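Structure assessment
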Amino acid sequence: MIGLSVSLRRRARRSSTPGQPDLLAPVIASLSIDEGTWQFGFGSDEAGALHWLIDNAPGYPNADALVAAKPLAAAAGSGLALAGVNSGGVDVSGVASGSWRFHVGVIDATGNASNVLSANVTVVSGNLELNGDPLVWNGDQLIFNAA
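Quick caveat, the model's predicted, so the values are computed rather than measured.

Focus: the environment of L50
If you trace the backbone, L50 turns up in strand β4 (residues 48–55). Once the C-alpha coordinates of L50 and A81 are considered, the two residues, 31 residues apart in sequence, prove to be 5.2 Å apart. Aside from chain neighbours lying at most four places away, what touches L50 is F40, F42, G77, S78, G79, L80, A81, V104, G105 and V106.

Here it is, written out as structure tokens:
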């Protein structure tokens with residue numbers, strides 16, 4: 001498990017005056033990712049759209065830049081981020097084996113882009129290679145031959 005810890009700052013989100021827009025970006029912190037299960041977690045001080053990607057970039061200045069990079073990423077996804085603790089899963093099935101960077105960011109309902117948290121990850125992929133026929137009848141049952 002890789003962890004990065006940054007404390008969340010408490011701050012006023014909106015003016016008490018009706019009609020005043022939310023001009024503050026979400027702040028995310030405490031990124032963790034389990035490379036065995038490819039589950040990640042982080043904290044956010046505001047709800048919004050969650051965006052993640054895997055590539056080789058060292059980092060991104062904010063979640064807007066992260067979203068712009070998604071089409072060129074090795075893997076990418078989106079979801080819903082809540083105010084508080086969040087978790088999600090990463091699909092690395094199409095990612096080549098090797099060292100990569102995982103990035104996550106949030107964009108709130110008014111379009112304010114959070115900071116981006118990043119972590120080094122290692123993807124191990126591959127296909128099971130079979131020698132001989134994959135299915136063999138042994139006289140009683142059909143068995144999978146992985147030898």
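From this point, the discussion proceeds with the structure in view.
What to know about the confidence of the model for the protein
Within the protein, residue pLDDT values average 83, and 73% of them lie at 70 or more. For the stretch residues 3–16, pLDDT sits under 50, and the model shows 33 contacts to residues farther than four places along the chain or on other chains. Confidence drops under pLDDT 50 across residues 127–132; counting only partners more than four residues distant or on other chains, this segment forms six contacts.

As for the pairing of strand β7 (residues 98–107)
The side chains of a regular strand alternate between both faces of the sheet. Across the 10 residues that make up β7, a large majority, eight, are buried. Strand direction decides the pairing type here: β4 and β7, joined by seven bridges, are antiparallel. Within β7, the residue paired with I54 across the bridge is F102.

Criteria and cut-off values
- Residues numbered from 1 in each chain as written.
- Predicted model: local features only at pLDDT ≥ 70, side-chain atom pairs only at ≥ 80, totals over all residues.
- Heavy atoms only, no water.
- Helix = DSSP H or I, 4+ residues; strand = E, 2+ residues; numbered from the N terminus.
- Contact = heavy atoms within 4.5 Å.
- pLDDT = per-residue confidence, 0-100.
- Buried < 20%, exposed > 50% of the residue type's maximum accessible area, 1.4 Å probe, protein only.
- Pairing = 2+ DSSP bridges.

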